Every structure is written in C-alpha cells, then in structure tokens.
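Structural description and commentary
Residues per chain are reported as follows:
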Amino acid sequence: MASDTERRNLPPLELHVPEPKFRPGDDADFSDIAIPTVGETRRPDIADDHRDMPDLSYGLVRVLDDDGKAAGPWDPKLDPETLRKMLRAMALTRAYDGRMFRAQRQGKTSFYMKCTGEEAVAVAATFALDRDDMTFPSYRQQGILIARDWSLVDMMNQVYSNKKDRLMGRQLPIMYSTKQGGFFSISGNLATQFPQAVGWAMASAAKGDTRIAATWTGEGSSAEGDFHSACIFASVYRAPVIMNVVNNQWAISSFSGFAGGDETTFAARAVGYGLAGLRVDGNDALAVYAATQWAAERARTNNGPTLIEHFTYRAEGHSTSDDPEQYRSANEAADWPLGDPIARLKKHLISIGEWDEERHAAMDEEVATQVKTAQKQAEKNGILGHGLHQPLETMFEQVFEEMPWHLKEQMQDMLDENDAANGVCKTR
Amino acid sequence: MAIELKMPALSPTMEEGTLAKWLVKEGDEISAGDIMAEIETDKATMEFEAVDEGVLARIVVPEGTDEVAVGAVIAILAEEGEDADSVEAAPASEPAPQPASAETAEPEADDPPLTKPETVARAADPDIPEGTAMVTLTLREALRDAMAEEMRADERVFVMGEEVAQYQGAYKVTQGLLDEFGDKRVIDTPITEYGFAGIGTGAAMGGLRPIVEFMTFNFAMQAIDHIINSAGKTNYMSGGQMRCPIVFRGPNGAASRVGAQHSQNYGPWYAAVPGLIVIAPYSAADAKGLLKSAIRTTDPVVFLENELLYGQSFEVPDLDDYALPIGKARTVRSGNDVSIVSYSIGVGIALEAAQKLAEEGIEADIVDLRTLRPLDKAAVLESLSRTNRMVVVEEGWPACSIASEIAAICMEEGFDDLDAPVMRVTNEDVPMPYAANLETLALVDADKVVAAAKAVSYR
C-alpha cells in the first residue's frame, strides 16, 4: 500500500493477526499447553479478599489426575452416589445430544447444537448450585436442565416446535426457557445474559432474597460489551453472581486467539475488574463442582461475585450448520490433553471401587432408552414441518400483557381470512 | 406407524444429492446409529445414519439415483411389532387442519361486505371530579412526583441511572428522591447505558420494577439491543412464562445548541417495535398520569421526555392518584377546519400555529397522540372525518416517521374523508447543525405548520 505521507526513516509497523496453531491436515500437538499438577493451584478461604488471589486466574483448578485419582485442596469429597448421579446426567446429556442431532439430520427440526466434551461445565456446576438459583445460560448448557431432572420430552417439544412447545413456536430450537426450571432463555445475540444475570442477582440482593444467579458465555462472546458492563456492575455492587466463561477454544471457526486468548487467560479479566477469578479444568467434573461450590458460597455469604474460566474443548461442530473439518485439525478433540469429562469421572468411580465397565454399559443403554422413549413421546406432539402446531391466535398473544386494540383487529382480520379460505362465513 | 426416511441435508446449503449406495437392504433390522447409506454431494461423500429402530420395509429411491431433493422420502422403516410388508408410503404431507365448523357451514354466494370489524373499545381518561383543585407544576416536577408516588406505593420500584442520586438527575428530574428513598432505591450507575439497560432488564426479570433514566435518549443508542431484544421480547419469547416490567425514560429530541449527536428524536425508532409501549407526552398532567401508568404496567415502556419542556409550567389536577390510560390520544384544541396531529414538543408548536390560524379564520383541531405505541388510530380518523384535512407536526426527521405512519393510516382508512393530501411538517432531513441560525432553520416551527395548514385548506 502506498502511503500519502512522507516516509520517515523508521521500520514499517506490522499488523498482527492471530492464527491457530493447527489447520486441517495438521497433526495437533498440545504439549505446549501448561497444565499444573493436581494440588498445585491453592484453594483460598471463601471470605478471602479478591486482591489476594490473582494467581488463581492463571492457575488451573484440578481435582482428578490422569489416573482418575481425586486429590488436592479442591477435592469436594462427594459421596459415590452423588458422583454416579453426576456421571449419569452427563451421559444422558450426551445421549440426548446424539439423538437430537440425528433428528435434525432427518429433517425433524431445523437446527441443533451439541455440547459434546463440555458436559461437565453445565452438569457439575448445576450440582453445586441450589435448585432454585437462577441460571442465565448460553448455547451449550442443556446439561443444566438435565441435571435438574427437567423433562426431556418438554425439551424435545421445544426443539421440534410442536403443539406442546411451551414457547409456542416462537424460539429457535435449543433456546429453551423455563421459569420453573430456573432457566432463562438463551440469547442468540450472545452474552446479553451476562448483564441480565448481574441485574437479577442485584435484584435478589436488593429484595433480601437468598438466591444467587449464575451465567455462562463462550470465550468468543466475552469480547462483547455485555461482558464488560456485567463485570463492572458485578464488581461495583458486589452482586451475588457467578459468571462463567466457557473457553472451548472455538467460536464457530474463530479460535480463542481472536477473543484475546493468545495474550492472557480469560479468568485474568477478573483481576482488572476487581473480581475473584478462577481458571478451572472444565473437563474435570469434580473441579467444576468445587469451583462453582466455592463461588456459590462466596456469593451467598455476601463475599462477592466470581468469574470462572472453564478450560475445555468443543469436541464437535458449532451446530448442525457447521463442518469443523474445514477449519481445524481433525485430531484436536481426541488429542485434547484434558481428556473427556465422562471418561474421566467414570475412571475415577472405577478407581475407588464404586463403578465398573458392566454398570457403565448398562447405564449407557438405560440413558439411550430413556432418550428414545422421550423422543417417541415428543414426536406424538408433532415435529417441525408437520402442519400447523400453534393456533393462529398465539401469534398475537403475549406481545403485550393485554392485547392492544390494533393487535385485536389484526388477529380478527387473520382469523376471518382463514375462515374464508376454509369456506366458513360468519356474515350470513 | 411407519417412519419415512428422508433425504437429509448434510450441509445448510445442500438442496439435492446423489444416493450413491445403500448399505442395508429391505427386510434388514436397523438400530439407531447404523450407517444406512452413502450420500454424495458435489463437495463430499457422507454417511447417512439411522435415528430410529425398526425393519427397513421399502427402499423408495434406489442407489445410484442423482439429483435426489433434500426432504424426499428415500425409504420406509417399519417400527417394532409392525408388519413390514403392509407398510405403505404415507401421503407426502398431512392435510392442513380444518376448523370443525368447515364441514357444516354453507359457503356464502356473495362476497362478504367490505367492512372493517368494529373498532375495539379503548379506555378513556378518568373523570376529574368537579371542584378538583389545579396546581401549577413544571414538567420535571410532575415527573418527579409520579416516580415518588409510585415508589411510595410499591417498594419494588427503584430508579437507576447516571447522576440520578447525589446530583439529583442531570436535568434534576429525580430531585429529592435520594433523600426520601435512600441509595438502594435511587442508584447512581457507572457510565454505560448499555450496561445499566441490561442490568435493569435483569432486575425486572428478577421481580423488581426498575425505572432506568437515560441522561438523554441520544446516549441510549448503545442500549437499544437490551431495550428491543431483551425487554421488548421477554414475554413473547418465553411463551408468557417471564416478564420484564421496566420503564426506560429520559429526554428525547432536540434541545438547544447541542449539535448533531444530541438532537435526535427516537420516537419513530422505538414505536416500530412490537412488545414495547412508547409514550411521549406534552403536558405536565399527561406526563404525570402516563408515567404512573408506565411504572405500573407489566410491559416494558420507553418514556420519551423533552428537555425544552422540563421547565415549562402546566396545570395538573391535584388528585391523590392521577393515572392515565396508555394508548389514548387527547384532543387539546377543538376545531372543524383542519386537523393537526402531533406529540411531545410538537403539540406546543401546533398550539402556537392554531392561534395564528384562528386569526385568519381557520379553526384547527389538535390531537396530541401522547402514546406512540399502541397508536390511537381512531382518534386520528375521527378528527379527520370532521375536518377532511390533515397536517402532522413532528420534531424529528421526515422519513419513516410517526408523521409518515399517520399519513399511511389516513390513506388506508380515511381516504374518503380526505379533501387534500396529508402534509408532514417535520425537521429538515439533515443532522442537526450547531450554528444557532442553522439550527433554527432545521427545526419545525409554527410558521411552517401555518403554511401547511393553509395549503391543505387551499388558502
């Protein structure tokens, strides 16, 4: 590019554009990722000042080692029954994802997103939260609903946009929303849930309630202004909130470097805002549980908010509209140094003598049957594209609390035209 | 029931493909996850997995077939316990649902009459009891009183924004509220309209009733995502499970000598959005009564004030609880020669013009819309039916404006009443200049309204 200005006798400036280490055809090699040993990252008291813990934003909270042994100060020492429940919720999430993904491929719905490899992030966190804590999730936290034993049929009804869809055919598939389940709607705009969760938490504190809020965003959308304003408000008003950044390395085809991940950790953002920050092995269910439990107790005792980075890997494509083979190395997922969350918890349970291969195989079969049964039941309510599931009136309802006159008129016009088209005449 | 297997879309853009090879044959038992076929597109060959279990009853599209459309039935699967031989292809699509009455009703031979359904009834302003005292209040005092009254009545109501507490509001609208309600209900915020719009929507979802003050709506453009996408759609998108009762308020429109970035009217922007209520009052009484209703409604409200009106004094009824219906226009001056429809500061300009017109023997009928969404169409059409002439006054840009909307309504539903084209009197279609003489020329004024009213009266 020619410059209009006179060149000075200085070296030209260079623009840096981040580039992922591996592209299709490359052998992924993650040996340069620093992984602290279990126990290396300390666990401060929940009442400690955030100023005294910046090191935690650069460490990695871990509980399970490579042999499946739990150790270190973060070990939540959960009883085997809870561990098995957690394992089952993750397996059920994976089975649900597999079946819904294939349902999309069969044309039963238009869109789906799996959370494969990230099951622990939502499931283990939910086990550490109270049932009535409010969650403001992002795309890959269907595990929250599953960990709360929410009805799979209800979830599928939404994915199929059928006549039992509680959102009345108004939302994209997977954008579940249930007030009863403490699960706010997912935002396609990305990260808008962050300030909403902080606002919800501030309201909870203002009312003298005891419930806290938790929210999730991807590392990619942590670049949104929402993230910044949420962190500012959480810090200034010490909102009882847990803010999770799920660093799964990829935002569709943009690797984490485009969100600033090459230069620092996402947990380190906490330091600048004056928040407690934790960086956690997101594929270690016990580490996610322990970190969330620590942050929840901190929030619940008015010791302030926490920003948690879950270091994980998006093992599959972004969505059914994505083919990751076009932009990343095919063996990244298999070679991810922190393994698979289900395999790791399974190994742990076996190592403490509370599980075995036979029981695991039986569980896999059982969750597959559960999903299949739910799917059959949901499909009785219809699938996308099988005719009209929602009465015409629902288009106009709930735009406002009370339907204004102009919508009543529009609705009547539509109903009259529909009647006329069907040979019904009411003007006789 | 038999399951139809359809040609899958293996990428978002795929429309058709080649069914290269069947890996199963008729009569085979199929389990979920089995690879059934290979499908080729111009880009790649992919495997087609089974979702359902059953017996492959029939292969509809044989292997080697090119240009198979996505969604076409390629095979039929019989489910467990079903006789594969008796399975027949289902019709391509289910018939459209018919209303039950369709079978019995005789089609009418004549076309239905071209009449509109009867206008749906709307609320009216409350009666002001005879003998009610009137007090003189500035618009800013009326707004403050409305907030204070609602905060006393409902502890969920709180105010947040830049400078609302210690400083008593950048335009002193929140004067005295901090003293009475304390710093947990009158909250100073960091400087981020986007931030506190999002915090406010979250707090509303969490059961409070926030009043979010923008220092001006000019600063709130960055907050529009939360106003429209979060607040405006919560009820609808959650299928009625959740609500976002919030008021976004602050000055809107041109002030005086504040330049291009601080002199804009966002009325038409927000009034375009289903799910939002948009209020833009002129008088102090309307501002008070409508702000009280805005705080009480469960819907999200954009409440547009005007900086130049803040200091103006009006008569306000001295009542304990003066709340006005949302969505109702008000006739502020009666006349039968020309209709002038306006809102906010434009109403004052219209009144000034009406006085000049009266001197020339033209009596204007002035309708103050007060609410921009939902718009009181009936009041506009009623006035037009008496005057047959319509001028719309708007302190804002002309294109895609409230004035454009009124013109469209008059065309669509008042065409037979029009004796002249509808005229829009608005600001010039330019960013607001700073220079005093240019700013004056860019803004709507009474003389321009008079000229338009005379033009539609052919005088």
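Cut-offs applied
Residues numbered from 1 in each chain as written. Chains lettered and ligands numbered in written order. Predicted model: local features only at pLDDT ≥ 70, side-chain atom pairs only at ≥ 80, totals over all residues. Heavy atoms only, no water. UniProt positions renumbered as here; feature names shortened; annotations may be inferred. Helix = DSSP H or I, 4+ residues; strand = E, 2+ residues; numbered from the N terminus. Buried < 20%, exposed > 50% of the residue type's maximum accessible area, 1.4 Å probe, protein only. Contact = heavy atoms within 4.5 Å. Areas by Shrake-Rupley, 256 points an atom, 1.4 Å probe, with all protein chains shown as cover. Phe/Tyr/Trp six-rings, centres within 6.5 Å; stacked < 30°, edge-to-face > 60°. Lys NZ or Arg CZ within 6 Å of the ring centre and 35° of its normal. pLDDT = per-residue confidence, 0-100. Disulfide = S-S within 2.5 Å. Pairing = 2+ DSSP bridges. Axes fitted to C-alpha atoms, helices over the stretch in contact; angles between N-to-C directions. Salt bridge = Lys/Arg side-chain N within 4 Å of Asp/Glu carboxyl O.

By the naming in an unreviewed UniProt entry, chain B goes by Pyruvate dehydrogenase E1 component subunit beta and is assigned to Parasphingopyxis lamellibrachiae. According to the UniProt record, the Subunit (unreviewed entry) comment for chain B reads "Heterodimer of an alpha and a beta chain." UniProt annotates chain B under Catalytic activity (unreviewed entry) with the comment "N(6)-[(R)-lipoyl]-L-lysyl-[protein] + pyruvate + H(+) = N(6)-[(R)-S(8)-acetyldihydrolipoyl]-L-lysyl-[protein] + CO2".

By the naming in an unreviewed UniProt entry, chain A is 2-oxoisovalerate dehydrogenase subunit alpha, taken from Parasphingopyxis lamellibrachiae. The record held by UniProt for chain A lists under Function (unreviewed entry) the comment "The branched-chain alpha-keto dehydrogenase complex catalyzes the overall conversion of alpha-keto acids to acyl-CoA and CO(2). It contains multiple copies of three enzymatic components: branched-chain alpha-keto acid decarboxylase (E1), lipoamide acyltransferase (E2) and lipoamide dehydrogenase (E3)." Under the UniProt heading Sequence similarities (unreviewed entry), the entry covering chain A gives this text: "Belongs to the BCKDHA family."

1. Brief notes about the overall build of chain B
Helix and strand content of chain B: 12 helices and 22 strands. Buried residues in chain B amount to 53% of all 459 residues. Considering only contacts in chain B between residues 6 or more positions apart, those separated by 24 or more positions represent 76%. Of the roughly 20000 Å² of accessible surface on chain B, 50% is carried by carbon and sulfur atoms.

2. Notes on the packing of aromatic side chains
Under the defined criterion, the tally for this structure stands at 19 aromatic pairs over all chains. With centroids separated by 5.7 Å and ring planes inclined at 25°, the aromatic side chains of phenylalanine 233 of chain A and tyrosine 237 of chain A adopt a geometry described as stacked. The class of tyrosine 237 of chain A is partly exposed, set by a relative accessible area of 27%. The interplanar angle of 75° and the centroid separation of 5.3 Å between the aromatic rings of phenylalanine 214 of chain B and phenylalanine 217 of chain B together place this pair among those described as edge-to-face. Members of the aromatic cluster, each reached through a chain of ring pairs, are Phe22, Phe30, Phe311, Tyr313 and Trp336 of chain A. Looking at lysine 172 of chain B, its charged tip hangs above the ring of tyrosine 167 of chain B, at a distance of 3.8 Å from the centre. Over the ring of tyrosine 434 of chain B we find arginine 257 of chain B; its NZ or CZ atom is 4.3 Å from the centre of that ring.

3. A short note on the confidence of the model for chain B
All names here are of chain B. When pLDDT is averaged across chain B, the result is 89; 88% of the residues are at 70 or more. For the stretch residues 89–119, pLDDT sits under 50, and the model shows 23 contacts to residues farther than four places along the chain or on other chains. We note a pTM of 0.85 for the whole complex and an ipTM of 0.86 for its interfaces.

4. Digging into the state of the cysteines
One pass over the structure, following the stated rule, counts zero disulfides over all chains. Counting only cysteine sulfurs, cysteine 400 of chain B is the nearest neighbor of cysteine 410 of chain B, a cysteine outside any disulfide, at a range of 17 Å.

5. Focus on the sheet that holds strand β10 (residues 157–161) of chain B
Residues and elements named next belong to chain B. Here seven strands make up an open sheet; going across it, the order is β11-β10-β12-β13-β15-β14-β20 and the pairing mixed. On the outer flanks of this sheet lie β11 (186–188) and β20 (371–373), each paired with one strand and no other. Each adjacent strand pair in this sheet contributes to an overall mean axis angle of 20°, direction not counted. Relative to strand β12 (residues 209–213), β10 runs parallel, the two being bridged by five bridges. By the bridge assignment for β12, methionine 160 is matched with valine 212. Packing of helix α1 (residues 139–153) onto the sheet brings it into contact with β10, β11, β12, β13 (247–251) and β15 (301–305), and relative to β10 it is tilted by some 135°.

6. With respect to the UniProt feature "domain: 2-oxoisovalerate dehydrogenase E1 alpha subunit N-terminal" (unreviewed entry) in chain A
In the numbering used here, UniProt assigns the feature "domain: 2-oxoisovalerate dehydrogenase E1 alpha subunit N-terminal" (unreviewed entry) to residues 11–47 of chain A. Helix makes up 0% of residues 11–47 of chain A and strand 0%, and the two end C-alpha atoms of the span are 52 Å apart.

7. Overview of the UniProt feature "domain: Dehydrogenase E1 component" (unreviewed entry) in chain A
Listed under "domain: Dehydrogenase E1 component" (unreviewed entry) in the UniProt record, and renumbered for this structure, are residues 88–383 of chain A. For the annotated span residues 88–383 of chain A, helix accounts for 44% and strand for 11% of the residues, and the straight-line distance between the end C-alpha atoms is 27 Å.

8. Section: the pattern of salt bridges
All names here are of chain B. Applying the stated rule across the entire model yields 48 salt bridges over all chains. Measuring nitrogen to oxygen at the nearest pair gives 3.8 Å for the salt bridge that ties aspartate 376 to lysine 328. Of this pair, aspartate 376 sits in the loop between β20 and α9 (377–387) while lysine 328 sits in the loop between β16 (313–317) and β17 (330–333), placing them 48 residues apart in sequence. Residue classification places aspartate 376 among the buried residues on the basis of a relative accessible area of 2%. In this structure, arginine 386 engages glutamate 382 in a salt bridge whose closest nitrogen and oxygen atoms are separated by 2.8 Å. Note that arginine 386 and glutamate 382 are positioned in helix α9 at a spacing of four residues, about one turn of the helix.

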